[in-house]
Every structure is written in structure tokens, then in C-alpha cells.
Amino acid sequence: MGKLDGKVAIVTGAGRGLGRAYALRLAGLGAKVAVTDINLKSYTEFEAEAKAMTADSTVDEINAITEAIGIEMDVRDEKAVQAMVKQVMDKWGRIDILVCNAGGGRGRPMDTKASTIETSLLHLVTEMNYYGTVYCVNAVAPVMKAQHSGKIVTVSSVAGLGPSTDGGYAHYGAAKAAILHYTRYLAQDLGPYGITANCIAPGTITTGRIVASVMPGSADANSDRTEKVAVRRLGNVEDCAKVVEFLTTDLSDYVTGQCIAIDGGLLRS
Ligand SMILES: NC(=O)c1ccc[n+]([C@@H]2O[C@H](COP(=O)([O-])OP(=O)(O)OC[C@H]3O[C@@H](n4cnc5c(N)ncnc54)[C@H](O)[C@@H]3O)[C@@H](O)[C@H]2O)c1
């Protein structure tokens, strides 16, 4: 018996990295999972992600545990998001959990300082993070309202909690801050329907992308990133998946509108 037996979950951006870990965690608890991503084989872009795979895709990995469907779609495309939710409903007839994980940053900090954000990066990053989250919630909320139950987890970042010291990556930080504040409104809106909405704010988590880009020893690293982390290590995907488990099971039934930083006690200043 799993805590999520009979439940249906949607995880966006689940082709690799954190989204894959959330999808696998929910399946391990018994849920059927809609694995959605702009590219269901996005793991091929990073060596560490490809190495972590135990099957050809997250969908195949989950089919060995519970049941999964894979849906390739861009969260920036509202119609595609609605079609994805319809497909899940046609297959399973309910949606209990939504994890709005798809997103991330694009561009370089030096091109995205608060007063000189390159406009195309501003649009891209705001759309893939903030708009994508809102589109997914808009599509799923009517289903959860009719069920009178549901758990929504949105994904911010420590960059959404406070600025970088040089004002770089402002487009990403502002989009992630928007997600967090939107989630507080969402909790108020959906609480009367028995639906909770909470946000997580990861620190530096060692996904394949992070390992390849900002980790010590890699091209863009300029300092030991663990120095300012209280527990003196970077995070891993399971650190985040454990918190997603809490926020998607009955352990968090009386928790809503909250943000949990998963950063090992990081000091950003
Ligand atoms: N890794 C970290 O240190 C960290 C820290 C804070 C927040 N986050 C957030 O956690 C989430 C996942 O991070 P990650 O490190 O696993 O990233 P990642 O880049 O490894 O994975 C993101 C996944 O989302 C998919 N995706 C990207 N744009 C999409 C779109 N428009 N529509 C659908 N799918 C899309 C990608 O194909 C990929 O599979 C992101 O929202 C990111 O901002 C990560």
C-alpha cells in the first residue's frame, strides 16, 4: 500500500533533473504520473542525467513502478497545456497532484542585470516559469474544484527570495518571486475547495545541468558554492523530492500558501 495509491499526478519538466525525481517519487508512493516535458528525452543533453536513467525515458521508468503517460508539450503554450490536461482526464478521469516544475533560467547574469535585461530573455524566462505555472494551474483547477480535493506545488528558487549581489539574473529571480506570490493568492482562492497550494524554493541542487554549468571545476564556477550553505553541501534531487512528498501527501493537509526553501541554510549575501 502506497500513500498515493489511486491518485493521479502531473509533473511538468519531468524528462530529467528535479522533475524526473518528483515523478519517480510520486510513482514510488503509488501514483499514476503524467510525465510532461517540452522534450521527453531532455536527459540526453547532460551526461550526468543520461547516466542516471534506468530506462529510455522517465515514462518507461515509471511504467515499471505504476503507470505513466508521456506528453510532450511546451508550458508556454496555453492551448497545449489544456490539451495535456484533457489527455490525462481522458485516460485516468481525475487529477490529484500538480507539480509545476518546468522552467529554469536562460542567458548570462551579465546580460540580465536588473536595469539592462535583454528583452527576449525577459519574455522567454517569464513565460517558461511564471506563465507556464499559471497556465497549468488554470487548466487543472476546474478538475480539482469539481473533485473538491487536490494538491498543487509550484517551484520558485532562492533567487526568488532575494536578489543576487550584483543584480544579475534579475529576469529569473523576478519570475520565481512572481510564482511564489501567485501561490499565496492561489492558496486563498482554492482553499475553500479543499485544495492546497504551496511553493518550494530550491537552492543549488546538483542536477546534470548544474553539474555541467556552475559547479566547482566547471567552466562558469568562480567559488566554492558550499561555503555559504549551513550544512556545507549542495543539495541533491532527493532533498527536494522529499519535500514534494510532504506537500503532496496527507502530511501537509493543513499547510497552504507556504514556501519551503530547500537550500541547506544558504546565506545569499
Ligand atoms: N537545479 C537547481 O539548482 C534549481 C534551483 C532552484 C530552482 N530550480 C528550478 O527547478 C526546476 C527544475 O530544475 P532542473 O535543475 O531540474 O532543470 P533542468 O533544466 O535540468 O530540467 C528542466 C526540465 O524542464 C523542461 N522544460 C524546459 N522548458 C520547458 C517548457 N517551456 N515546457 C515544458 N518543459 C520544459 C526541460 O526540457 C527539462 O527536462 C526549474 O523550474 C528550476 O528553475 C532548480
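Position numbers for residues count from 1 along each chain, tracking the sequence in the order it is written. Residues qualify for local features only when their pLDDT is at least 70, as the model is predicted, and side-chain atom pairs are given and counted only at 80 or more; totals for whole chains, interfaces and linings, by contrast, use all residues.

Trainee: Kindly report on the site of the ligand, identifying the contributing residues and their values.
Mentor: Only the C-beta atom matters for nearness: placed from the backbone, it must lie within 6 Å of the molecule or strand for the residue to count as near. With respect to spatial proximity, 28 residues lie near the ligand, and among them Gly13, Gly17, Ser42, Gly103 and Ser157 are the closest. Each helix corresponds to a stretch of at least 4 residues labelled H or I by DSSP, and each strand to a stretch of at least 2 residues labelled E; elements are numbered beginning at the N terminus. For the shell around the ligand, the elements supplying multiple residues, two or more each, are helix 1 (17–28), helix 5 (119–147) and helix 7 (208–213). Counting residues per element, the shell around the ligand draws most heavily on helix 1, at three residues. Residues that form the shell around the ligand fall into these classes: nine nonpolar, 14 polar and five charged. Ten residues, namely Ala, Val, Leu, Ile, Met, Phe, Trp, Tyr, Cys and Pro, are considered nonpolar, four, namely Asp, Glu, Lys and Arg, are considered charged, and the remaining ones, Gly among them, are considered polar.

Trainee: Lay out the environment of Met73 with the relevant residues and their values.
Mentor: Tracing the backbone shows Met73 in the loop between strand 3 (68–72) and helix 4 (78–92). For the pair Met73 and Leu190, spaced 117 residues apart in sequence, the C-alpha separation works out to 26 Å. In this structure Met73 touches Thr36, Ala80, Val81 and Met84, once residues within four positions along its chain are discounted. By the criterion used throughout, residues are in contact when their C-beta atoms, derived from the backbone, lie within 7 Å.

Trainee: Give a detailed account of the packing of helix 1 against helix 8 (residues 237–248), specifying residues and quantitative values.
Mentor: Between helix 1 and helix 8, the least distance of the axes is 9 Å, while the angle of their chain directions is 50°. Our classification of the angle between helix 1 and helix 8 gives oblique. As for the relative orientation of helix 1 and helix 8, their crossing is right-handed in sense. Facing Gly17, Leu18, Ala21, Tyr22, Arg25 and Leu26 of helix 1, the residues of helix 8 in contact are Val237, Glu238, Cys240, Ala241, Val244, Glu245 and Thr248. When the residues that make up the contact of helix 1 with helix 8 are grouped by side-chain class, the tally is eight nonpolar, two polar and three charged. The axes are straight lines fitted to the C-alpha atoms, using for helices just the contacting stretch, and the angles between their N-to-C directions are given from 0 to 180°. Comment on the angle field: the value is read as roughly parallel under 35 degrees, roughly antiparallel over 145, roughly perpendicular from 65 to 115, and oblique elsewhere. Helix crossings are classified by the rotation of the near helix relative to the far one: an anticlockwise turn of less than a right angle makes the crossing left-handed, while a clockwise turn makes it right-handed.

Trainee: Residue-level account of the sheet that holds strand 6 (residues 195–202), with values.
Mentor: Backbone hydrogen bonds hold the strands of a sheet together, and the pairing may be parallel or antiparallel. A pair of strands is treated as paired once DSSP finds two or more bridges between them. The sheet built from seven strands is open, its strands ordered 3-2-1-4-5-6-7 with parallel pairing. Edge positions in the open sheet fall to strand 3 and strand 7 (259–262), since each of these has one partner strand only. The mean angle between the axes of side-by-side strands here comes to 15°, regardless of whether they run parallel or antiparallel. Taken together, the five bridges between strand 2 (residues 32–37) and strand 3 define a ladder with parallel strand orientation. By the bridge assignment for strand 3, Ala34 is matched with Ile69. Sitting on the sheet, helix 5 touches strand 1 (8–12), strand 4 (97–100), strand 5 (150–155) and strand 6, and the angle it makes with strand 4 is about 170°.

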